[in-house]
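In case you want the letters, here they are:
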Amino acid sequence: MRKSFIAAIALLAGTQTALATECRERFIELMTDRTAKEPTKILVTQEIKGGAKTVNWNYQDGKGNWLTEMVEPANAQWSMGLDNVLYSSTDQGKTWTKIRDMGDQNAAHQKSLDERAATVENAACGKADLGGVTHEIIEADYKMLGSFNADIHDKFWVNTETGYVPRLETTMKNTAFESFVVQELEPAPDLVMPSP
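All values reported here derive from a predicted model rather than from experimental measurement.

From N to C terminus, the chain includes 2 helices and 11 strands. Reading the helices (α) and strands (β) of the chain from amino to carboxyl end gives α-β-β-β-β-β-β-α-β-β-β-β-β. With 196 residues in all, the chain has 31% of them scored as buried. By sequence separation, contacts in the chain at least 24 residues apart represent 37% of the contacts at least 6 residues apart. On the chain, roughly 11,900 Å² of surface is accessible, and the fraction owed to carbon and sulfur atoms is 54%.

Structure follows, in structure tokens:
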């Protein structure tokens, strides 16, 4: 009986290890493949500890171009990355000023995500309700390396039927900065990027 009990514990431990590994791999897949593949709009709410809350719409065309439209504060400048050029607007997108050439920012961003993936730990998976729909929760900790050097926790909400991620929560901390960001994503099939 003792041998069967030990065997059952070993089997359970092996199963838990396999599930933890699978959860970590699923998290890394979501974390490193977060660039929109289709036109998407994202409501981004950021709360900085000791600072003001900001709210913006971020539009991504699925081809690596993006536009940030500020909601709060309403008078803040907008920004846009179009064909690897950074633009800015101080009149709510009526006119755009070229700031600089950015080079291949998408490749640089992907390289950074791949480097962060090597630091992923404490992955956890579960289920929760969001808007009356069951979602898979996949979350973990990782590090942003380099001069900013921060600890990050991401929590992805994945629709169990479609695989779509409608919500991402991120907590970021370092010695001088702490923020909490909520991104609410939805498809934007009619999105058209402005011509600066």
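Okay, back to it.
Our next topic: the packing of aromatic side chains. Considering all chains together, one arrives at 3 aromatic pairs under this definition. Seen in terms of ring centroids, Phe27 and Phe156 are 5.6 Å apart; in terms of plane orientation they differ by 70 degrees. Their pairing is edge-to-face. One end of the pair, Phe27, is in helix α1 (residues 2-32); the other, Phe156, is in strand β9 (residues 150-159), with 129 residues separating them in the sequence. For Phe156, a relative accessible area of 2% translates into the label buried. With a centroid separation of 6.4 Å and an interplanar angle of 20 degrees, the aromatic rings of Trp57 and Tyr59 are classed as stacked. Here a set of aromatic residues connected by ring pairs shows up, and it is made of Phe27, Tyr142 and Phe156. The ring of Trp57 is capped by Lys41, whose NZ or CZ atom sits 5.0 Å from the centre of that ring.

Here we take up the pairing of strand β4 (residues 78-82). For β4, a buried count of 4 out of 5 residues is recorded, marking the element as mostly surrounded by other parts of the structure. When strand β3 (residues 66-72) meets β4, the two strands line up antiparallel, connected through 3 bridges. Bridged to Thr68 within β4 is Ser79. Adjacent in sequence and paired antiparallel, β3 and β4 are bridged by 5 residues. Linking β4 back to strand β5 (residues 85-89) in an antiparallel pair, the connection comprises 2 residues, with Asp83 at a positive phi of about 50 degrees.

One finds Phe27, Leu30, Met31, Val120, Tyr142, Phe156 and Val158 to be the most contacted residues of the largest nonpolar core, which totals 17 residues. Listed by contribution, the elements that provide at least two residues to this core are α1, β8 (133-144), β9 and β10 (167-173). Discounting chain neighbours no more than four positions away, the residues touching Val158 are Arg26, Leu30, His135, Glu136, Ile138, Gly163, Tyr164 and Val165. Residues Trp78, Met80, Val85 and Tyr87 belong to the second largest nonpolar core, which totals 10 residues.

Another point: the environment of Lys143. Its place among the elements puts Lys143 in strand β8. Taking C-alpha positions, Lys143 is 8.6 Å from His153, a pair spaced 10 residues apart along the chain. Ignoring any residue separated from it by four or fewer positions in sequence, one finds Lys143 in contact with Arg116, Thr119, Ala150 and Asp151. Polar side-chain contacts of Lys143 include one of 2.6 Å to the side chain of Asp151.

Read across the open sheet, the 11 strands follow the order β6-β5-β4-β3-β2-β1-β11-β10-β9-β8-β7; overall the sheet is antiparallel. Only two strands of the sheet have a single partner each, and these edge strands are β6 (97-101) and β7 (121-130). Strand-to-strand twist across the sheet, computed as the mean angle between neighbouring axes with direction ignored, equals 20 degrees. The pairing of β10 with strand β11 (residues 178-187) spans 7 bridges and is antiparallel. Residue pairing for β11: Leu168 is matched across the bridge by Gln183.

The rules behind these values
Residues numbered from 1 in each chain as written. Predicted model: local features only at pLDDT ≥ 70, side-chain atom pairs only at ≥ 80, totals over all residues. Heavy atoms only, no water. Helix = DSSP H or I, 4+ residues; strand = E, 2+ residues; numbered from the N terminus. Buried < 20%, exposed > 50% of the residue type's maximum accessible area, 1.4 Å probe, protein only. Contact = heavy atoms within 4.5 Å. Areas by Shrake-Rupley, 256 points an atom, 1.4 Å probe, with all protein chains shown as cover. Phe/Tyr/Trp six-rings, centres within 6.5 Å; stacked < 30°, edge-to-face > 60°. Lys NZ or Arg CZ within 6 Å of the ring centre and 35° of its normal. Pairing = 2+ DSSP bridges. Core = buried A, V, L, I, M, F, W, Y, C linked by side-chain atoms within 4.5 Å. Polar contact = N/O pair within 3.5 Å; in protein donor to acceptor, adjacent residues only side chain to side chain. Axes fitted to C-alpha atoms, helices over the stretch in contact; angles between N-to-C directions.

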